[in-house]
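# What the coordinates show
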Amino acid sequence: MTTSTSVTVSPTFLDRVRGYSPPRRYLPVAATVALLIGMFGAGSLRYQGFADPQVVLNLFVDNAFLLVLGVGMTFVILTGGIDLSVGSVVALSTMIAASTLQAGWPAIATIIAVLVSGTLLGTLMGLVIHYFEVQPFIASLAVMFLARGLCYLISVESIPIREAGFTAFAQGSVPLPGGYHVTPSVVVAVVVFAIGAWVLHMTRFGRTVYAVGGSESSAHLMGLRVALVKVGVYTISGLCSALAGLLFAAYTLSGYSLHAVGMELDAIAAVVIGGTLLTGGRGLLLGTMFGVLLLGTIQTFISFDGTLSSWWTKISIGTLLLIFVVIQRLLTRRQN
Amino acid sequence: MRELVRRPLFWSTLALLLLIALNTAVTPSFLSVRLQDGHLYGSLIDILRNGAPVLLVALGMTLVIATRGIDLSVGAVAAIAGAVACVYIAGSDRPAATSTVVSAVALAVGVCILLGLWNGFLVSVFGIQPIIATLVLMTAGRGLAMLITDGQITTVVNPAFKVLGAGFVATLPVAILIALAVFAVTAVLARRTALGMLIESVGINPEASRLAGVRARTITWTVYVFCAFCAGVAGLMIASNTSAADANNAGLWIELDAILAVVIGGTSLAGGKFSLLGTLVGAMFIQTLATTIPTIGIPAEANYLFKAVVVIAVCLLQSPRVRAAFRSRRPVSTVKAGAA
C-alpha cells in the first residue's frame with residue numbers, strides 16, 4: 001500500500017471543498033470517530049456529567065496501557081500477523097517489576113529489566129515466525145504460554161509494589177489548563193503513540209510495514225528488508241507490551257500472574273475497530289487510538305448506567321468487532 | 001525401524017510413552033488400576049476422565065484446522081453450554097429429575113449448534129478469516145454465558161446430570177466413553193467415507209475443490225457446526241463434573257489446549273491434512289503432562305511453561321527450514337508419509 005498524494009493544478013478553495021471526498025483509507029477511521037461521537041452524544045443526553053471533558057480525559061487515564069498495547073499490535077497486524085502474547089507479557093512485566101522492586105532494585109534498573117525482557121521475547125517470537133515460517137498465531141501462542149508460565153515461576157501470589165518512585169508515578173497528576181488533569185501514564189502513552197505514528201507514517205521502516213502487509217513476496221522482490229520488518233514489528237510489540245506492563249503495574253500497584261487475562265483480545269479489538277485490515281497492509285495508528293477510546297467509552301457508559309452489568313462490556317465489544325469486521329469485508333469485496 | 005520413525009504418529013506416541021515412563025519412575029503406583037465399588041480407579045483412569053473434554057474439543061478442532069480454519073470460540077461455547085444446562089435445570093419445576101436433564105442437555109447442545117452455524121456462516125458465507133470470525137464469539141461468548149447465569153455460579157444438584165462428567169458405566173468413566181464414541185463416529189465418517197478426503201481438499205484449495213464439484217461452502221460450514229457441537233458436549237462434561245456453571249472459568253483456555261493437541265498430533269495448521277488418531281494421542285499427552293507436573297514437585301501453574309516448550313518444539317520440528325536441514329543430512333530414499 002502506498003499513498004498517492006498527487007498534487008495537480010491548484011484549484012480554488014471553494015472547488016476543493018465542493019469536490020472533496022475523503023480518501024478511502026480514512027473511511028474506516030471516520031466510521032469509528034462517528035460512532036465514538038454518537039456514543040458520547042447518547043451518553044451525555046442520558047446521564048448527567050457524561051459530557052464533562054474530564055470524562056474524556058479519564059478514558060485516556062484508564063486505558064493508557066491499552067493504547068500502548070494497541071500501538072504495538074497495529075504494527076503487527078499491518079504486516080498481516082497477529083500477536084496473542086501481549087496480555088501475558090503485560091502480566092510477566094508486572095511480575096518482574098514487582099519482584100525486582102521487592103528485592104530492592106532501584107526503579108530505573110527494574111524498568112530497564114522489564115523493557116529488555118519484553119523486547120527480547122518479542123524478538124525471539126519474530127525470529128521464529130520469520131526464519132522458521134511458524135504461523136504468527138501459533139508462535140505468539142507459545143510465547144503467551146511461556147510468559148504466563150514464567151509469571152507463576154516468579155510467584156503464584158500477588159506482589160504489592162511499595163517503591164516510592166512507582167507510587168509517586170501512580171499517584172501523580174499532570175494538570176491541564178481549565179482545571180483538568182491526567183496521570184503521568186497518559187503522557188507516556190501519548191508519547192509512545194506519537195513515536196509510533198512517526199515511525200509508521202514517516203519512516204522507511206513504516207512504509208515497508210505496509211508493503212509487507214500488502215504482499216510479502218512483492219515486498220521481497222522489490223528488495224525491501226522484509227526480514228528486518230517482520231522481526232521488527234514483533235520486537236516493537238514486545239517492547240510496547242513491556243511498557244504497557246509497567247503502566248499497568250503502576251495503575252494497579254501490584255504484580256500478579258493473573259493480571260491482564262484476555263487483554264490481547266481487547267488490543268486486537270481496538271485495532272480492528274480502529275479500521276485496520278486484519279489481512280494487513282491497510283490501516284492507521286490514529287484509528288487504533290479511536291478504537292481504544294471507543295472500548296473505554298463502552299466501559300464508561302456501563303459504569304455511568306449502573307444498572308447494566310459488567311458482562312455487557314464483553315457482549316458489546318464482540319458486537320462492535322463483528323460490525324467492523326463485516327464492514328471491512330464488504331469494503332474489500334467491493335474493491336476486488 | 002526407519003519406516004517406524006517416519007510414521008506421523010511416531011514422535012507424539014513416543015513422547016506420551018516417555019511421559020508415562022517418567023511418571024511411573026517417580027510414583028511407581030502410577031500404572032496401577034484397581035477395581036473398587038465397581039469402578040476402575042487410578043491415575044490412568046483420571047487422565048482419561050479429565051482429558052475427555054479436551055479430546056472432544058480437539059476432535060472438532062482437527063476438522064476445522066483441516067479446512068485451514070481455526071475456532072477460537074470453543075471455550076466460550078463450552079461455557080455457554082454449561083450455563084444453559086445448569087440454568088435450565090436450576091430453574092425447572094423438578095430440578096432432580098432425569099427428564100429435566102435430558103431436555104437441558106438437548107437445549108444446550110441445540111444452542112451450541114446454533115453458535116456453530118453462526119461461526120460457519122461468518123466463515124463460509126461472508127468469507128471472514130476464521131481466526132477473526134471466531135474471535136467475535138470468543139469475546140462476546142463469555143459475556144453471553146454470564147448473561148445467562150446472571151453473573152452467578154449456578155449450582156445444580158442432580159444425580160443424572162452428574163453422570164455425564166463424573167459417572168461410570170461398566171467400570172469406565174462416562175466422559176471418556178462419550179469422547180471415544182464421538183471419536184469413533186468421526187473416524188468412521190472421515191476415513192471410511194469420502195468425507196475426510198473432501199475436507200482435506202477444501203483445506204488445500206477451497207476454490208479448486210468447488211470447481212471440482214466439492215461443496216466447499218457446505219463442508220466448511222459443517223465442520224464449524226461439528227466443532228461447536230463437540231465444544232458444547234465438553235462444556236456439559238465440565239459443568240457436570242463440578243455440578244456448576246462457572247461462566248468465567250469453565251473451559252478457560254481449552255481452545256489453546258485443543259489446538260495444542262491437534263498440533264502435537266501432526267495435523268498441519270496450514271490445513272489439508274489431518275490425523276484423528278494423532279489428536280487422540282495429543283490430547284492424552286496434554287492431560288498426562290498436566291498430571292505429571294504436580295507429581296514431580298513443580299507447581300501446577302508452571303504447566304504453561306511446559307506447554308510453551310512443547311508448542312515451540314513441535315512447531316520448529318514441523319517448520320520447512322528444520323525439515324530441510326534434516327533431509328539434507330540424511331539423504332535416504334524419500335518415502336512419502338501417508339496421512340493416518
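Just so it is clear, the model here is predicted, and its values are computed rather than measured.

So, how was this worked out
Every chain begins its residue count from 1, and numbering advances along the sequence as written. Each chain is given a letter, starting from A, and each ligand a number, starting from 1, according to the order in which they appear as written. Local features in this predicted model are restricted to residues of pLDDT 70 or higher, and side-chain atom pairs are both shown and tallied only at a pLDDT of 80 or more, whereas totals for entire chains, interfaces and linings draw on every residue. No hydrogens and no water enter the side-chain calculation; it runs on all heavy atoms of the structure. Secondary structure follows DSSP: runs of H or I at least 4 residues long count as helices, runs of E at least 2 residues long count as strands, and numbering of each begins at the N terminus. We compute the radius of gyration from the C-alpha atoms alone; for a globule the expected value is 2.2 Å times N to the 0.38, where N is the number of residues. Each residue is placed in one exposure class: buried if its accessible area under a 1.4 Å probe, protein chains only, is under 20% of its type's maximum, exposed if it is over 50%, and partly exposed if it falls in between. Between two residues, a contact is recorded if the distance between any of their heavy atoms is within 4.5 Å. Each accessible area is a Shrake-Rupley result for a 1.4 Å probe, and residues are judged covered by the shown protein chains and nothing else. Under the counting rule used here, the positive set is Lys and Arg, the negative set is Asp and Glu, and His together with the chain ends is not counted. For charged residues, the charge sits on one atom: NZ in Lys, CZ in Arg, CG in Asp, CD in Glu. Axis definition: a line fit to C-alpha positions, over the contact stretch in the case of helices; interaxial angles, taken between N-to-C directions, run 0 to 180 degrees. Crossing handedness is defined as follows: a turn of the near helix away from the far one that is anticlockwise and smaller than a right angle gives a left-handed crossing, while the clockwise case is right-handed. Under the scheme applied, nonpolar residues are Ala, Val, Leu, Ile, Met, Phe, Trp, Tyr, Cys and Pro; charged residues are Asp, Glu, Lys and Arg; polar residues are all the others, including Gly. For this analysis, a salt bridge means a side-chain nitrogen from Lys or Arg found within 4 Å of a carboxyl oxygen belonging to Asp or Glu. pLDDT is defined as a per-residue confidence score from the predictor, taking values between 0 and 100. Any helix carries an expected span of 1.5 Å times its number of residues minus one. A residue's bend is the angle separating two fitted axes: one through the seven residues that end there, the other through the seven that start there. Identification of polar contacts relies on pairs of N or O atoms within 3.5 Å, with a donor-acceptor requirement for protein atoms, meaning one able to donate a hydrogen and the other able to accept it, and with residues adjacent in sequence counted only if both atoms are side-chain atoms. When the centres of two rings from Phe, Tyr and Trp lie within 6.5 Å, Trp using its six-membered ring, the rings pair. Their planes under 30 degrees apart give stacked, over 60 give edge-to-face, and anything left gives tilted. As a reminder, the over-ring test applies to NZ of lysine and CZ of arginine, requiring each to be within 6 Å of the ring centre and within 35 degrees of the ring normal. By the definition adopted for this analysis, an angle is roughly parallel if under 35 degrees, roughly antiparallel if over 145, roughly perpendicular if from 65 to 115, and oblique otherwise.

Another point: the overall build of chain B. Within chain B, the secondary structure is distributed over 15 helices and six strands. At 20 Å, chain B has a C-alpha radius of gyration in line with the 20 Å of a compact globule built from 340 residues. In terms of its C-alpha atoms, chain B occupies a principal-axis envelope of roughly 70 × 55 × 35 Å. The buried share among the 340 residues of chain B stands at 51%. Sequence separation of at least 24 residues holds for 76% of the intrachain contacts in chain B that already meet a minimum separation of 6. Total accessible area computed for chain B in this model is approximately 14600 Å², and 67% of it derives from carbon and sulfur atoms.

Let us look at the overall build of chain A. Counting its regular elements, chain A contains 14 helices and four strands. Counting only C-alpha atoms and orienting by the principal axes, one finds that chain A spans roughly 65 × 55 × 35 Å. Long-range pairs, those at least 24 residues apart, make up 77% of the contacts in chain A between residues at least 6 apart in sequence. Working note: accessible area of chain A is about 14800 Å², and carbon and sulfur atoms make up 67% of it. Mean positive and mean negative side-chain charge positions of chain A (16 and 11 charges, respectively) differ by 14 Å.

A pair of packed helices can be characterised by two numbers: the angle between their axes and the separation between those axes. All names here are of chain A. Running from amino to carboxyl end, helix H5 (residues 107-131) crosses helix H11 (residues 226-252) at an angle of 150°, the nearest separation of the two axes being 7 Å. Our pair here, H5 against H11, has a crossing hand that is right-handed. Taken together, the residues of the contact of H5 with H11 break down into 15 nonpolar, eight polar and one charged.

Across the boundary between the two partners, chain B contributes 45 residues, which contact 38 residues of chain A. Our count for the chain B to chain A interface comes out at zero salt bridges. Listed by contribution, the elements that provide at least two residues to the side of chain B that touches chain A are helix H5 (98-125), helix H6 (130-149), helix H12 (254-264), helix H14 (303-318) and helix H15 (320-329) of chain B. By residue number, the principal contributor to the side of chain B that touches chain A is H6 of chain B, which donates 12 residues.

Detailed reading of the predicted model is not advised wherever pLDDT is low. Summary statistics for chain B give a mean pLDDT of 85 and a share of 94% for residues scoring 70 or more. Counting interchain partners and residues more than four positions distant, the pLDDT-below-50 stretch residues 332-340 of chain B has 13 contacts.

The subject of this paragraph is helix H4 (residues 74-91) of chain B. If you check H4 of chain B, its first and last C-alpha atoms are 25 Å apart, about what 18 residues at 1.5 Å a residue would give, namely 26 Å. Among the 18 residues of H4 of chain B, 14 are classified as buried, and the element is accordingly described as predominantly covered.

Moving on: the pattern of salt bridges. Considering all chains together, one arrives at four salt bridges over all chains under this definition. Glu216 of chain A is the salt-bridge partner of Lys230 of chain A, the closest N and O atoms lying 3.4 Å from each other. Remark: Glu216 of chain A occurs in helix H10 (residues 216-221) and Lys230 of chain A occurs in helix H11; sequence separation between them is 14 residues. With relative accessibility at 35%, the residue Glu216 of chain A sits in the partly exposed group. In this structure, the salt-bridge partner of Asp257 of chain B is Lys307 of chain B, at a minimum N-O distance of 2.8 Å. A residue pair is termed long-range when its members are at least 10 positions apart, and Asp257 of chain B in helix H12 and Lys307 of chain B in helix H14 qualify at 50 residues. With a relative accessible area of 13%, Asp257 of chain B lands in the buried category.

Residue and element names in this part refer to chain B. The end-to-end C-alpha distance of helix H3 (residues 43-66) is 32 Å, a good match for the 34 Å that 24 residues give at a rise of 1.5 Å each. In H3, a bend of some 45° at Ala52 exceeds every other bend along the element, and Pro53, a proline, comes one to four places later. Positive backbone phi, at 70°, marks Arg68, one or two positions downstream of H3.

The next point concerns the environment of Gly69 of chain B. Residue and element names in this part refer to chain B. Within the fold, Gly69 resides in the loop between H3 and H4. Separated by 77 residues in the primary sequence, Gly69 and Met146 have C-alpha atoms spaced 27 Å apart. The residues contacting Gly69, other than those within four sequence positions of it, are Val64, Pro130 and Tyr224.

Our focus in this paragraph is the side chain of Gln54 of chain A. Residues and elements named next belong to chain A. If you trace the backbone, Gln54 turns up in helix H3 (residues 53-78). Among the polar contacts made by the side chain of Gln54, one reaches the main-chain carbonyl oxygen of His181 at a distance of 2.9 Å. Non-local contacts of Gln54, meaning those with residues more than four positions away in its chain, are made with Tyr180 and His181.

This part covers the packing of aromatic side chains. Counting across every chain of the model gives 14 aromatic pairs over all chains. Seen in terms of ring centroids, Phe121 of chain B and Phe126 of chain B are 5.5 Å apart; in terms of plane orientation they differ by 85°. Their pairing is edge-to-face. Here the aromatic residues Phe40, Tyr47, Phe50, Phe301 and Phe304 of chain A are joined through ring pairs into a cluster of three or more. The ring of Phe274 of chain B has Arg191 of chain B sitting right over it, with the charged end atom 4.2 Å from the ring centre.

For Ala260 of chain A, which is not a glycine, the phi torsion comes out positive at approximately 60°. Inspection of the secondary structure puts Ala260 of chain A in the loop between strand S4 (254-255) and helix H12 (263-273). The exposure class assigned to Ala260 of chain A is buried, which follows from its relative accessible area of 9%. In this model, Trp253 of chain B sits at a positive phi of 65°, which is unusual for a non-glycine residue. For Trp253 of chain B, the position within the fold is in the loop between strand S6 (244-245) and H12. Judged by relative accessible area, which is 13%, Trp253 of chain B ranks as buried.

Their axes nearest at 12 Å, the elements helix H6 (residues 136-154) of chain A and H12 of chain B cross at an angle of 120°. Taken together, the axis directions place H6 of chain A and H12 of chain B in an arrangement best described as oblique. Crossing of H6 of chain A against H12 of chain B: the hand is left-handed. Between H6 of chain A and H12 of chain B, the contacting residues are Phe137, Ile138, Leu141, Met144 and Phe145 of chain A on the first element and Leu256, Ile259, Leu260 and Val263 of chain B on the second. A per-class count over the contact of H6 of chain A with H12 of chain B returns nine nonpolar, no polar and no charged.

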